[in-house]
Amino acid sequence: MKKTSKKSYLFPLSILVLAAMAATSYQLLAPKPTQVGINQITVSGTQRYVAPNGSDTNNGSEATPYKTLGKAINAAAPGDVVWIKPGTYKENLKINNKKGTPDAPIRIVGTSTSPADYPVWDGSNPGYTKNTDNPALTLTNSSWITIERLKFQSSGLSSVFVDASHYITFRRNVMDYLKYGILARNKSSRILIEYNEF
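As a starting point, this report considers the structure included with it. (Residues numbered from 1 in each chain as written. Predicted model: local features only at pLDDT ≥ 70, side-chain atom pairs only at ≥ 80, totals over all residues. Heavy atoms only, no water.)

The next subject is the environment of D80. Locating D80 in the fold gives a position in the loop between α2 (69–75) and β4 (81–84). Sequence separation of D80 and G100 is 20 residues, and the distance between their C-alpha atoms is 8.6 Å. Excluding its chain neighbours within four sequence positions, the residues that come into contact with D80 are G45, T46, R48, A75, P105, I106 and R107. Within the structure, the side chain of D80 is placed 2.6 Å from the backbone nitrogen of T46, a separation counted as a polar contact. (Helix = DSSP H or I, 4+ residues; strand = E, 2+ residues; numbered from the N terminus. Contact = heavy atoms within 4.5 Å. Polar contact = N/O pair within 3.5 Å; in protein donor to acceptor, adjacent residues only side chain to side chain.)

Here's what the structure looks like:
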């Protein structure tokens, strides 16, 4: 009776050990999102870089960055992070139908954590006047995008125009504007604005 009892305990124990080993193996083999940069920014896609000394004929890597914001952002897919290095970028960018997902948003992030060194998104161009709205960035029919650690300036009445877009996050940006820092219209919703300077 004792032997039978002993075996009956060892058999389920061996199953538990094998199950634990299988679970451990799965955890080791399963792909995990990459944690990079300050504040542990999660990257499940491609990291793309922009720098004033870059070129739009480059591949957008850290060693060979793009030159313009438009090139990097238009190429971004769900889960990608667009890293913007310090400098001034004179662009009026209109982004249409750019969509991340709840689990893999598109993130546009300045590489500097110091507001004094945030990349400057300058909306001024030859057609810029203080009497016309000329946003540095216009988002239309877009969703699940995060914009972080940038300084917007010289963009007319508003720095950013959010048009019929949803789940857009603005975090730790500096907005230099005349009337509206962030203007959301046309049934835009779920706009999160936190830790920005207006």
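If you walk across this open sheet you meet the 4 strands as β6-β9-β12-β15, and the pairing is parallel. Edge strands, defined here as strands with exactly one partner in the open sheet, are β6 (93–96) and β15 (180–185). Taken pair by pair, the neighbouring strands of this sheet meet at an average axis angle of 10°, ignoring direction. Pairing analysis gives 4 bridges linking strand β9 (residues 137–140) to strand β12 (residues 158–163), with the strands arranged parallel. (Pairing = 2+ DSSP bridges. Axes fitted to C-alpha atoms, helices over the stretch in contact; angles between N-to-C directions.)

This part covers the nonpolar core. Ranked by internal contacts, the top residues of the largest apolar core, which has 27 residues, are W121, L137, I147 and F152. Only α2, β4, β6, β7 (106–110), β9, β10 (143–148), β12 and β13 (166–171) provide two or more residues apiece to this core. Tallying contributions element by element places α2 first for this core, with 3 residues. In contact with F152, other than residues within four places in its own chain, are W121, A136, L137, I147, S159, V160, N173, V174, M175 and D176. I41, V43, W83 and V109 belong to the second largest nonpolar core, which has 6 residues in total. (Core = buried A, V, L, I, M, F, W, Y, C linked by side-chain atoms within 4.5 Å. Buried < 20%, exposed > 50% of the residue type's maximum accessible area, 1.4 Å probe, protein only.)

This part is about a nonpolar patch on the surface. Residues Y177, I193 and F198 make up a contiguous nonpolar surface patch of about 280 Å² in total accessible area. By the secondary structure assignment, F198 is in the segment after β16 (189–194). (Patch = residues over 30% accessible without salt bridge, like charges linked within 9 Å, V, L, I, M, F, W, Y side chains within 5 Å. Areas by Shrake-Rupley, 256 points an atom, 1.4 Å probe, with all protein chains shown as cover. Salt bridge = Lys/Arg side-chain N within 4 Å of Asp/Glu carboxyl O.)

In this structure the tally under the stated criterion is 3 aromatic pairs. On the basis of an interplanar angle of 20° and a centroid distance of 6.5 Å, the ring pair of Y49 and W83 is categorised as stacked. Here the residue Y49 occupies a position in strand β3 (residues 47–50), and W83 occupies one in strand β4, the gap between them amounting to 34 residues. By relative accessible area, which is 10% here, Y49 ends up buried. (Phe/Tyr/Trp six-rings, centres within 6.5 Å; stacked < 30°, edge-to-face > 60°.)

This part covers the sheet that holds strand β14 (residues 174–175). Spatial strand order, β5-β8-β11-β14: 4 strands in an open sheet with parallel pairing. Each edge of the open sheet carries a strand with a single partner, namely β5 (88–90) and β14. With 3 bridges connecting them, strand β8 (residues 120–122) and strand β11 (residues 151–153) associate as parallel partners. Residue pairing in the sheet places W121 in a bridge with F152 of β11.

What is expected of a backbone is that most residues other than glycine have negative phi and most peptide bonds are trans. Unlike most non-glycine residues, N97 shows phi in positive territory, near 55°. Here N97 is to be found in the loop between β6 and β7. Assessed through its relative accessible area of 53%, N97 is described here as exposed.

This next bit is on the pattern of salt bridges. Pairing is possible between side chains of opposite charge, provided their charged atoms come close. Tallying each qualifying case throughout the model produces 5 salt bridges. Close ionic contact of R172 with E148 constitutes a salt bridge, the shortest N to O distance being 2.9 Å. Taken as a pair, R172 in the loop between β13 and β14 and E148 in strand β10 lie far apart in primary sequence, 24 residues in all. Among the residues examined, R172 registers a relative accessible area of 28% and is labelled partly exposed.

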